[in-house]
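Chain by chain, the residues:
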Amino acid sequence: MVQIGEVGAFSISLYPEEENNIYDYWIKNTVIKTIGDLLKKDSNVIFYVCDNEDDREDKRHLVFEYWYQQSKTKYGYIEKYNYSVMSDNGYKLNSSILYNKENYLVDYLLDQFTKLMQSS
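For every chain, the first residue of the written sequence is number 1, and numbering continues from 1 along that sequence. Only residues with pLDDT of 70 or above have their local features reported here, since the model is predicted, and side-chain atom pairs are shown and tallied only from 80 upward, although totals for entire chains, interfaces and linings are computed over all residues. Note that the side-chain values use all heavy atoms of the structure and ignore hydrogens as well as water.

Notes on the nonpolar core
Argument step 1. Only buried residues count toward a nonpolar core. Its members are Ala, Val, Leu, Ile, Met, Phe, Trp, Tyr and Cys residues joined through side-chain atoms within 4.5 Å. Think of it in three bands: with a 1.4 Å probe and only protein chains considered, a residue is buried below 20% of the maximum accessible area for its type, exposed above 50%, and partly exposed in between. Membership of the largest hydrophobic core comes to 14 residues, with the highest contact counts inside it found for Ile35, Leu39, Ile78 and Leu98.
Argument step 2. Helix and strand definitions follow DSSP, with helices as H or I runs of at least four residues and strands as E runs of at least two, each counted in order from the N terminus. In terms of residue count, helix 1 (residues 25–40) provides more of this core than any other element does, 4 residues in total.
Argument step 3. Only heavy atoms enter the contact rule, under which two residues are in contact if any of them lie within 4.5 Å. Once you skip the residues sitting within four places of it in the chain, Leu39 turns out to touch Asn44, Val45, Ile46, Tyr77, Ile78, Leu98, Tyr99 and Asn100.
Argument step 4. Membership of the second largest hydrophobic core comes to 12 residues, among which are Val45, Tyr83, Leu110 and Met117.

Rendered as structure tokens:
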């Protein structure tokens with residue numbers, strides 16, 4: 001669980017046991033269902049940052065963007081806000097927050113998320 005202001009958010013972390021260059025459709029379907037199920041409750045929030053250790057954060061972000069579009073098509077209540085920033089250490093942070101559009105704290109969440117990312 002990650003704190004965004006006073007709100008706890010789920011964090012998604014995907015780490016394959018080995019590097020695989022084959023596209024895995026089951027992962028996509030699992031991620032889409034997990035996002036839909038978690039965000040069905042309007043107070044839940046999901047936060048993620050794309051790993052940047054191998055300079056592939058932009059590619060990962062594109063995959064997450066695709067998964068988000070698929071999730072939104074299937075679950076119309078899902079919304080997302082992206083934030084990208086260069087850290088003080090010189091690496092790029094692609095991050096997003098996913099939420100239920102019925103969440104009454106959306107404005108607060110987006111403000112706190114932006115402040116959190118700006119302080120990185």
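Some words on the environment of Lys92
Argument step 1. Take Lys92: it is sitting in strand 5 (residues 92–100).
Argument step 2. Among the residues examined, Lys92 registers a relative accessible area of 27% and is labelled partly exposed.
Argument step 3. What Lys92 contacts, discounting residues up to four positions off in sequence, is Asn52, Glu57, Asp58, Ser84, Val85 and Met86.
Argument step 4. Counted as a polar contact is a pair of N or O atoms within 3.5 Å, where, for protein atoms, one must be capable of donating a hydrogen and the other of accepting one, and residues adjacent in sequence contribute only when both atoms are in side chains. Of note is the side chain of Lys92, whose polar atom sits 2.9 Å from the side chain of Asp58.

Remarks on the packing of aromatic side chains
Argument step 1. Stacked, tilted and edge-to-face are the three classes assigned to paired rings of Phe, Tyr and Trp, where Trp is represented by its six-membered ring and a pair needs centres within 6.5 Å; plane angles under 30 degrees give stacked, over 60 edge-to-face, the rest tilted. Per the counting criterion, the structure on display carries 5 aromatic pairs.
Argument step 2. On the basis of an interplanar angle of 55 degrees and a centroid distance of 5.9 Å, the ring pair of Tyr75 and Tyr77 is categorised as tilted.
Argument step 3. Since its relative accessible area comes to 13%, Tyr75 is described here as buried.
Argument step 4. Ring pairs connect the aromatic residues Phe47, Tyr81 and Phe113, which therefore count as one cluster.

Remarks on the environment of Lys80
Argument step 1. Within the secondary structure, Lys80 is located in strand 4 (residues 78–86).
Argument step 2. Residues in contact with Lys80, not counting those within four places in the same chain, are Tyr48, Glu65, Tyr68, Ser96, Ile97, Leu98 and Tyr99.

Regarding the pairing of strand 5
Argument step 1. In terms of burial, strand 5 is a largely internal element, 8 of the 9 residues being buried.
Argument step 2. Here, a strand pair is defined by DSSP locating no fewer than two bridges between the strands. With 5 bridges joining them, strand 3 (residues 45–49) and strand 5 adopt antiparallel strand pairing. In the sheet register, Val49 faces strand 5, and the bridge partner there is Ser95.
Argument step 3. Pairing analysis gives 9 bridges linking strand 4 to strand 5, with the strands arranged antiparallel. Each residue of the ladder has a partner; that of Ile78, found in strand 5, is Asn100.
Argument step 4. A loop of 5 residues connects strand 4 with strand 5, the two strands running antiparallel in sequence, and Gly90 in this loop sits at a positive phi of about 90 degrees.

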